There are 2 protein chains.
Amino acid sequence: MAADSAAVSASGQEDTRTRLLTTALRLFTEHGVEGTSLQMIADALGVTKAAVYYHFKTKDEITGAVAEPGLRELDSLVEDASRLRGRNARVDHLLRGFVDIVVRHRTLMALFSRDPGVTRALTTSWTTRGSFSGTMLEILTGPEGEMNQAIAAHAAIAGIAMTGGARQFADLDDETLRAHLLDVGRRLLGRPRRR
Amino acid sequence: MAADSAAVSASGQEDTRTRLLTTALRLFTEHGVEGTSLQMIADALGVTKAAVYYHFKTKDEITGAVAEPGLRELDSLVEDASRLRGRNARVDHLLRGFVDIVVRHRTLMALFSRDPGVTRALTTSWTTRGSFSGTMLEILTGPEGEMNQAIAAHAAIAGIAMTGGARQFADLDDETLRAHLLDVGRRLLGRPRRR
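Residues numbered from 1 in each chain as written. Chains lettered and ligands numbered in written order. Predicted model: local features only at pLDDT ≥ 70, side-chain atom pairs only at ≥ 80, totals over all residues. Heavy atoms only, no water.

Describing the overall build of chain A
Turning to step 1, where the next piece is worked out: On a plain count of helices and strands, chain A comes out with ten helices and zero strands.
Turning to step 2, where the next piece is worked out: Its helices and strands taken in sequence order, chain A reads α-α-α-α-α-α-α-α-α-α from the N to the C terminus.
Turning to step 3, where the next piece is worked out: As displayed, chain A offers around 9800 Å² of accessible surface, 53% of which is attributable to carbon and sulfur atoms. (Helix = DSSP H or I, 4+ residues; strand = E, 2+ residues; numbered from the N terminus. Areas by Shrake-Rupley, 256 points an atom, 1.4 Å probe, with all protein chains shown as cover.)

So this is what it looks like as structure tokens:
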């Protein structure tokens, strides 16, 4: 019985944490990170500020946690791609996976590319997280590391991320956005276009 | 005589303003916008804080003024391009000019793409300045406004700007960087590559 109620309470807390992050992302999108207070998050959830503090001590921690799932997906994508044999297979896997992640997290990408508060909060995560973005660029650039490929790879990553989060494409459905962003990457990296 | 000394003093002040902006850009690059105080700018210039206040009331004003020349160049570029006849001529002129501006202001681009403080300070300038970036995208997208061209245009602008300011290409000489960034834009916009 005691174990049961502990399990219920743990999953209840897990649930609060998830709802907290969803609510935070919505408020960040509406008011910007700097314009959102812990109190506003608590009010929107209908809980006390102490309940928010139970999960996160600072707004930067919340911002980091909001971005965490996307960053973790990027980590495994890069790991998976590194294991493939053949440069084209690695590039194609990475490109498709990156576009998928950008589209799946487009609200977050939008926030990321527009809101100064997110950039600051994430600087730590990105820096402490090893250099998956370095590995990503290495895979896309290829073993010879030619400058024009390195620059095309950087432009592809930046272009896809910023465009995936751009306001003017917010109404596009996921599938259409995904197809167009993939096309951007393929043009830049010299990979065959979709039929 | 009075007119002469007024002219000397006006040009002396113009000179201080220019030196102030150069110094501010250097300090912003070293310490970030948020890590740079008006006092630090005054110290680096060897003037009093009051002398800095004479030119600018806030750090945001300084940040805006640091970015102003680049923004003004973008304005005239878009105006010039709009006047050309023929879509290809407009696209080529705009692309070449945009790459030129990004490379000429690469220190500023680096700051822009990395520093949260710049983004915030510039939000006002970009918004009040009409929509030259809207016109730029319109020209690059073309009259039919096809979605794949619109997305390619957005990715080209974002990719060129972010890559031009990227740390890992900071050692490339201007001419090489310019050629590669032009290549990025031409691949994305389907324009002939350089020979």
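A short note on empty space enclosed by the protein
Turning to step 1, where the next piece is worked out: Under the criterion given, the structure shown has one cavity of 30 Å³ or more.
Turning to step 2, where the next piece is worked out: The volume enclosed by the largest cavity comes to roughly 30 Å³.
Turning to step 3, where the next piece is worked out: Lining the largest cavity, in full, are His180, Asp183, Val184 and Arg187 of chain A together with Asn148, Ile151 and Ala152 of chain B.
Turning to step 4, where the next piece is worked out: When contributions to the lining of the largest cavity are tallied by element, the ones reaching two or more residues are α10 (174–189) of chain A together with α9 (147–164) of chain B.
Turning to step 5, where the next piece is worked out: The dominant element in the lining of the largest cavity, judged by the number of residues it contributes, is α10 of chain A, at four residues.
Turning to step 6, where the next piece is worked out: Of the residues assigned to the lining of the largest cavity, the class counts are three nonpolar, two polar and two charged. (1 Å grid on protein atoms, 1.4 Å probe; cavity = no way out; pocket = protein on both sides within 12 Å on 5 of 7 lines; lining within 4 Å. Points joined across faces, edges and corners; volume = space filled by probe spheres on them. Nonpolar A, V, L, I, M, F, W, Y, C, P; charged D, E, K, R; others polar.)

Overview of the UniProt feature "DNA-binding region" (unreviewed entry) in chain A
Turning to step 1, where the next piece is worked out: Sites flagged by UniProt as "DNA-binding region" (unreviewed entry) map to residues 37–56 of chain A.
Turning to step 2, where the next piece is worked out: The distance from the first to the last C-alpha atom of residues 37–56 of chain A is 13 Å, and the span holds 75% helix and 0% strand. (UniProt positions renumbered as here; feature names shortened; annotations may be inferred.)

Observations regarding the nonpolar core
When a protein is soluble and globular, its nonpolar side chains tend to lie buried together.
Turning to step 1, where the next piece is worked out: Formed by 68 residues in total, the largest nonpolar core has its most connected members in Phe98 of chain A together with Phe98 of chain B.
Turning to step 2, where the next piece is worked out: Sequence-distant contacts of Phe98 of chain B, that is, excluding residues within four places in its chain, are made with Leu74, Leu77, Met136, Ile157, Ile160 and Ala161 of chain B. (Core = buried A, V, L, I, M, F, W, Y, C linked by side-chain atoms within 4.5 Å. Buried < 20%, exposed > 50% of the residue type's maximum accessible area, 1.4 Å probe, protein only. Contact = heavy atoms within 4.5 Å.)

Details of the packing of α10 of chain A against α9 of chain B
Turning to step 1, where the next piece is worked out: Between α10 of chain A and α9 of chain B, the shortest axis-to-axis distance is 10 Å and the interhelical angle comes to 55 degrees. Taken together, the axes of α10 of chain A and α9 of chain B are oblique relative to one another. Considering the relative orientation of α10 of chain A and α9 of chain B, their crossing is right-handed. From α10 of chain A, Leu177, His180, Leu181, Val184 and Arg187 of chain A reach across to α9 of chain B, where they touch Met147, Asn148, Gln149, Ile151, Ala152 and Ala155 of chain B.
Turning to step 2, where the next piece is worked out: Residue classes in the contact of α10 of chain A with α9 of chain B are distributed as seven nonpolar, three polar and one charged. (Axes fitted to C-alpha atoms, helices over the stretch in contact; angles between N-to-C directions. Parallel < 35°, antiparallel > 145°, perpendicular 65-115°, else oblique. Left-handed = near helix turned anticlockwise from the far one by under 90°.)

Some thoughts on the interface of chain B and chain A
Turning to step 1, where the next piece is worked out: On the chain A side, the residues contacting the 30 residues of chain B number 30 residues.
Turning to step 2, where the next piece is worked out: Where chain B abuts chain A, roughly 2500 Å² becomes buried across the two surfaces, and 71% of that area is made up of carbon and sulfur atoms.
Turning to step 3, where the next piece is worked out: Counting the surface chain B buries against chain A, the share from its top three residues, Ile151, His154 and Arg187 of chain B, is 25%.
Turning to step 4, where the next piece is worked out: For the pair chain B and chain A, the interface holds zero salt bridges.
Turning to step 5, where the next piece is worked out: At the surface where chain B touches chain A, the tally comes to six residue pairs in polar contact (both at pLDDT 80 or more).
Turning to step 6, where the next piece is worked out: Contributing elements (two or more residues each) for the side of chain B that touches chain A: α7 (116–128), α9 and α10 (174–189) of chain B.
Turning to step 7, where the next piece is worked out: Top contributing element to the side of chain B that touches chain A by residue count: α9 of chain B, with twelve residues. (Buried area = accessible area lost by both parts, 1.4 Å probe. Salt bridge = Lys/Arg side-chain N within 4 Å of Asp/Glu carboxyl O. Polar contact = N/O pair within 3.5 Å; in protein donor to acceptor, adjacent residues only side chain to side chain.)

Quick word on the pattern of salt bridges
When charged atoms on two side chains of opposite charge get close, those side chains can pair.
Turning to step 1, where the next piece is worked out: Counted under the stated rule, the structure contains 20 salt bridges over all chains.
Turning to step 2, where the next piece is worked out: Note that Asp183 of chain B is salt-bridged to Arg187 of chain B, the shortest N-O span being 3.6 Å. Of the two residues, Asp183 of chain B and Arg187 of chain B are both situated in helix α10; the distance of four residues between them amounts to about one turn of the helix. Taken individually, Asp183 of chain B and Arg187 of chain B each receive the classification buried, so the pair is uniform in this respect.
Turning to step 3, where the next piece is worked out: Among the salt bridges present, the one from Arg193 of chain B reaches Asp183 of chain B, with a minimum N-O distance of 2.8 Å. Note that Arg193 of chain B is positioned in the segment after α10 and Asp183 of chain B in helix α10, a separation of ten residues in sequence.
Turning to step 4, where the next piece is worked out: In this structure, a network of salt bridges that share partners links the residues Glu79, Asp80 and Arg83 of chain A.

Description of α9 of chain B
Turning to step 1, where the next piece is worked out: When the terminal C-alpha atoms of α9 of chain B are compared, their 25 Å separation across 18 residues agrees well with the 26 Å that a helix rising 1.5 Å per residue should span.
Turning to step 2, where the next piece is worked out: For α9 of chain B, the tally of buried residues reaches 15 of 18 residues, placing the bulk of the element in the interior. (Expected span 1.5 Å × (residues − 1).)

Concerning the relation of the copies chain B and chain A
Turning to step 1, where the next piece is worked out: Taken as rigid bodies, chain B and chain A are interconverted by a rotation of 180 degrees and an axial shift of 0.0 Å, the fit giving an RMSD of 0.0 Å. The relationship between the two copies is best expressed as a two-fold rotation axis.
Turning to step 2, where the next piece is worked out: An overlap of 100% is found between the interface residues of chain B and their copies at the interface of chain A, pointing to a shared contact surface. (Least-squares fit on C-alpha atoms with pLDDT ≥ 70 in both.)

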